[in-house]
Amino acid sequence: GESVGLHLPTLSVQEGDNSIINCAYSNSASDYFIWYKQESGKGPQFIIDIRSNMDKRQGQRVTVLLNKTVKHLSLQIAATQPGDSAVYFCATETGANNLFFGTGTRLTVIP
Amino acid sequence: DAGVIQSPRHEVTEMGQEVTLRCKPISGHNSLFWYRQTMMRGLELLIYFNNNVPIDDSGMPEDRFSAKMPNASFSTLKIQPSEPRDSAVYFCASSLSTGGGYGYTFGSGTRLTVV
């Protein structure tokens, strides 16, 4: 079956440092990947996505890297700010428009 | 657009009672999803609709759960009878299209507590 896992359940970083959140997925047919941010009391919020024909995509302060060979996805946040503190989920999609979510990594930014 | 709108935000009910959660997707989105989030199991897909038609309900825990989408702007998730183990945050999400490659927009969720 489909599974999406995260290497670390929690991550603490100093304000201003870069953060890297990792995700492993199991289905080699996955063709679309999304990172979501969930703040306390809110629903998951789209951050950035990447399709399987790419290995890197950049947004504002965020970069997603995709390594299909080892089925690994990462989210890099540059110059982490207190407002980045949240739970981050990776999600994969395999054609049928049905997202599978990982268990989440809680990022804490230390001022 | 106001985004995906869910109601109520919080619901506390007694075991055995019927609970109805409501969702209004983003106008123009034709896919709608119901998720349940718990600490133990994370985000679980319960059911999703495409053009108001249920496509996959394999995630619905049991017959006590049912979902409907009578039109493009409204969906309900009903639990009858409710049990304490149903306590969770229930999210509704909508997407522009099927076929993949479109991110989902989530509502703020309904926190359900069954006592």
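Being a predicted model, the structure only gives us computed values, none of them experimental.

**Q** Looking at this structure, I do not really get the overall build of chain B. What am I missing?
**A** On a plain count of helices and strands, chain B comes out with zero helices and eleven strands. Shown N-terminal to C-terminal, the secondary structure of chain B runs as helices and strands in the order β-β-β-β-β-β-β-β-β-β-β. In terms of overall size, chain B behaves like a compact globule, its C-alpha atoms giving a radius of gyration of 13 Å where 115 residues would be expected to give roughly 13 Å. Here the C-alpha coordinates of chain B stretch approximately 40 × 30 × 30 Å along the principal axes. Across the 115 residues of chain B, 48% fall into the buried class. When contacts within chain B are restricted to residue pairs at least 6 apart in sequence, long-range pairs at least 24 apart make up 55% of them.

**Q** Hey, could you run me through the packing of aromatic side chains in this one?
**A** Within a pair of aromatic rings, the relevant descriptors are the distance that separates the centres and the angle that separates the planes. On inspection of all chains with the given rule, the structure shows eleven aromatic pairs over all chains. Centre to centre, the rings of B:Phe33 and B:Tyr48 are 5.2 Å apart; their planes meet at 20 degrees, and the pair counts as stacked. Of the two residues, B:Phe33 is situated in strand S4 (residues 31-38) and B:Tyr48 in strand S5 (residues 42-50); the sequence distance between them amounts to 15 residues. Neither residue differs from the other here; B:Phe33 and B:Tyr48 are each classed as buried. On the basis of an interplanar angle of 50 degrees and a centroid distance of 5.6 Å, the ring pair of B:Tyr35 and B:Phe106 is categorised as tilted. Within this pair, whereas B:Tyr35 is found in strand S4, its partner B:Phe106 is found in strand S10 (residues 105-106), the two being separated by 71 residues in sequence. Of the aromatic side chains, those joined through ring pairs into one cluster are A:Tyr36, A:Phe46, A:Phe89, A:Phe101, B:Tyr35, B:Phe91 and B:Phe106.

**Q** Got a minute to help me understand the side chain of B:Asn50 in this structure?
**A** One can find B:Asn50 in strand S5. A polar contact is formed between the side chain of B:Asn50 and the side chain of B:Ser31, at a distance of 3.3 Å.

**Q** Help me understand the interface of chain A and chain B, please; the structure alone is not making it clear to me.
**A** A common measure of how large an interface is: the accessible area buried when the components associate. Of the residues lining the interface, 18 residues belong to chain A; the matching set on chain B comes to 22 residues. In total, chain A and chain B occlude about 1,500 Å² of area from one another, counting both sides; carbon and sulfur atoms represent 48% of this. The tally of links between chain A and chain B comes to zero salt bridges. Elements that contribute at least two residues to the side of chain A that touches chain B include exactly strand S4 (32-38), strand S5 (45-51), strand S9 (86-93) and strand S10 (99-101) of chain A. At four residues, the largest contribution of residues to the side of chain A that touches chain B is made by S4(A). Tallied by class, residues from the side of chain A that touches chain B come to nine nonpolar, six polar and three charged.

**Q** I would appreciate a short explanation of unusual backbone geometry in the present structure.
**A** It is generally the case that most residues other than glycine have a negative phi and that most peptide bonds are trans. Across the junction of B:Ser7 and B:Pro8, the peptide omega takes the value -10 degrees, indicating a cis bond. With an omega dihedral of -5 degrees, the bond running from B:Gln80 to B:Pro81 counts as a cis peptide bond. Mapped onto the fold, B:Pro81 is located in the loop between strand S8 (74-79) and strand S9 (88-95). Phi is positive for A:Lys71, close to 55 degrees, though the residue is something other than glycine. Relative to the assigned elements, A:Lys71 resides in the loop between strand S7 (62-67) and strand S8 (72-77).

The rules behind these values
All chains use their own residue numbering, which begins from 1 and follows the written sequence. Lettering of chains starts at A and numbering of ligands starts at 1, both following the order in which they are written. Given that the model is predicted, a residue must reach a pLDDT of at least 70 before its local features are reported, and side-chain atom pairs must reach 80 or more before they are shown or counted; all residues, however, enter totals for whole chains, interfaces and linings. Excluding hydrogens and water, the side-chain figures rest on all heavy atoms present in the structure. Segments assigned H or I by DSSP are reported as helices when at least four residues long, segments assigned E as strands when at least two residues long, and all are numbered from the N terminus. Here the radius of gyration uses the C-alpha set of atoms, whereas the globule reference equals 2.2 Å times the residue count to the power 0.38. Only protein chains enter the calculation, and the probe is 1.4 Å; a residue is then buried if its accessible area is under 20% of its type maximum, exposed if over 50%, and partly exposed in between. What makes two residues a contact is simply this: any of their non-hydrogen atoms within 4.5 Å. Two rings from Phe, Tyr or Trp (for Trp, the six-membered ring) form a pair when their centres sit within 6.5 Å of each other. Planes less than 30 degrees apart are called stacked, planes more than 60 degrees apart edge-to-face, and all others tilted. As used in this structure description, the phrase polar contact means that two N or O atoms lie within 3.5 Å; if the pair is within protein, one of them must be able to donate a hydrogen and the other to accept it, and residues adjacent in sequence are counted only when both atoms belong to side chains. Accessible-area loss on putting two parts together, using a 1.4 Å probe and summing over both, is the definition of buried area adopted here. Salt bridge, as used here: a side-chain nitrogen of Lys or Arg that lies within 4 Å of a carboxyl oxygen of Asp or Glu. Classification convention: Asp, Glu, Lys, Arg as charged; Ala, Val, Leu, Ile, Met, Phe, Trp, Tyr, Cys, Pro as nonpolar; all other residues, Gly among them, as polar.

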